[in-house]
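Chain by chain, the residues:
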Amino acid sequence: MSFRRKKGAEVEETLKRIQSQKGVQGIIIVNSEGIPVKSTLDNQSTVQYSALIHQLVMKARSTLRDIDPQNDLTFLRVRSKKNEIMIAPDKDYFLIVIQNPSA
Amino acid sequence: MTILYFSLYHFIIEGHKGVIGTIIVNSEGLPIRTTLDNSTTSLYARLLRSFTTLARSAVRDVDPQNDLTFVRIRSKKQEILVAPENNFLLIVIQNPSE
């Protein structure tokens, strides 16, 4: 398998593994510009979540840098009455997982 | 009632290992209790109030019936927990857990 295809397969597998966890409602991968590149949700939800969360991640990052310019975001967890959104930022992408925490 | 609840939380949390500081911010954005120095407190209070507002509106934009209950911002050097309650904020800054 070419390197590209192998990486692609790994990503698919990881997504499937996360998706199969109890309570996971959706997974979105967003690139550094806030554009969703992969999602298990419908288009409308994907676009909405991506835009809102991109804004939130930018804000979290600037909050941390204002406190300490040497510091950076490693994880973000936003819990609400109905679900929990977990955001794992990476250099070029961020992974968003929406789950029902009580499941 | 909320102030009592928060103050209790404050005392309990402060004893925990790894907690760097706790701040309670009132509905006007003013820190009313803190274990940190004044300038650090004001900085955290201002920044996190602003962040929490954004997080709350993001949650409500997706579902107006939903509401924010907790925020956890993890960074390389520390972890910031924010619990909003009745427009008050309880902020806990701690060492990032392993």
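Residues numbered from 1 in each chain as written. Chains lettered and ligands numbered in written order. Predicted model: local features only at pLDDT ≥ 70, side-chain atom pairs only at ≥ 80, totals over all residues. Heavy atoms only, no water.

Chemist: Could you clarify how one ought to interpret helix α2 (residues 38-62) of chain B in this entry?
Modeler: Every α-helix winds through 3.6 residues per turn, so residues three or four apart in the chain are directed the same way. Over its 25 residues, α2(B) runs 36 Å from end to end, which matches the ideal 36 Å to within 8%, given 1.5 Å per residue. Considered for burial, the residues of α2(B) that qualify are B:T41, B:Y44, B:A45, B:L47, B:L48, B:F51, B:T52, B:L54, B:A55, B:A58 and B:V59. (Helix = DSSP H or I, 4+ residues; strand = E, 2+ residues; numbered from the N terminus. Expected span 1.5 Å × (residues − 1). Buried < 20%, exposed > 50% of the residue type's maximum accessible area, 1.4 Å probe, protein only.)

Chemist: In this structure, what is going on with the sheet that holds strand β5 (residues 88-94) of chain B? I would like to understand it.
Modeler: Two pairing modes exist for strands in a sheet, parallel and antiparallel, and in both the strands are linked by backbone hydrogen bonds. With antiparallel pairing, 10 strands are arranged side by side in an open sheet as β2(A)-β1(A)-β5(A)-β4(A)-β3(A)-β3(B)-β4(B)-β5(B)-β1(B)-β2(B). On the outer flanks of this sheet lie β2 (36-39) of chain A together with β2 (31-34) of chain B, each paired with one strand and no other. In this sheet, adjacent strand axes meet at a mean angle of 15° when their direction is disregarded. Judged from the 3 bridges that link them, strand β1 (residues 19-25) of chain B and β2(B) form a sheet pairing that is antiparallel. Residue pairing across strands places B:I23 opposite B:T34, the latter belonging to β2(B). Against the sheet, helix α2 (residues 43-67) of chain A makes contact with β1 (24-31), β2, β3 (73-80), β4 (84-89) and β5 (93-99) of chain A together with β3 (68-75) and β4 (79-85) of chain B, and its axis sits at roughly 125° relative to β3(A), the strand it touches most. Across the face of the sheet, α2(B) comes into contact with β3 of chain A together with β1, β2, β3, β4 and β5 of chain B while running at roughly 125° to β3(B). (Pairing = 2+ DSSP bridges. Axes fitted to C-alpha atoms, helices over the stretch in contact; angles between N-to-C directions. Contact = heavy atoms within 4.5 Å.)

Chemist: I would appreciate a short explanation of the UniProt feature "domain: Roadblock/LAMTOR2" (unreviewed entry) in chain A in the present structure.
Modeler: Under the UniProt annotation, the feature "domain: Roadblock/LAMTOR2" (unreviewed entry) is placed at residues 11-99 of chain A. Between the end C-alpha atoms of residues 11-99 of chain A the distance is 19 Å, and the span holds 38% helix and 37% strand. (UniProt positions renumbered as here; feature names shortened; annotations may be inferred.)

Chemist: Help me understand the pairing of β3(A) in this model?
Modeler: Every regular strand shows the same layout, with side chains that alternate between the two sheet faces. Where β3(A) and β3(B) come together, 7 bridges link them in antiparallel fashion. Directly across from A:L73, in β3(B), lies its bridge partner B:S75. Where β3(A) and β4(A) come together, 4 bridges link them in antiparallel fashion. Bridge pairing links A:R79 to A:E84 in β4(A). Linking β3(A) to β4(A), which pair antiparallel, is a turn of 3 residues.

Chemist: Can you help me understand the confidence of the model for chain A in this one?
Modeler: Regions with low pLDDT carry predicted coordinates that are not meant to be interpreted in detail. For chain A, the mean per-residue pLDDT works out to 90, and 93% of the residues sit at or above 70. Of all secondary-structure elements in chain A, the lowest mean pLDDT belongs to helix α1 (residues 3-19) of chain A, at 78, while β3(A) reaches the highest, 97. (pLDDT = per-residue confidence, 0-100.)

Chemist: Where do I start with the interface of chain B and chain A in this structure?
Modeler: A common way to state how big an interface is: give the accessible area lost once the parts meet. Each partner contributes to the interface: chain B provides 28 residues, whereas chain A provides 26 residues. Contact between chain B and chain A buries roughly 2500 Å² in total, counting both sides, with carbon and sulfur atoms accounting for 65%. Looking at the side of chain B facing chain A, the largest losses of area belong to B:L47, B:F51 and B:V62, adding up to 20% of the total buried there. Between chain B and chain A we count 2 salt bridges in total. Here B:K77 ties to A:D68 by a salt bridge, and the two come within 3.0 Å at their closest N and O atoms. In this assembly, chain B and chain A are joined by 17 residue pairs in polar contact (both at pLDDT 80 or more). Mapped by element, the contributors of at least two residues to the side of chain B that touches chain A are α2 and β3 of chain B. (Buried area = accessible area lost by both parts, 1.4 Å probe. Salt bridge = Lys/Arg side-chain N within 4 Å of Asp/Glu carboxyl O. Polar contact = N/O pair within 3.5 Å; in protein donor to acceptor, adjacent residues only side chain to side chain.)

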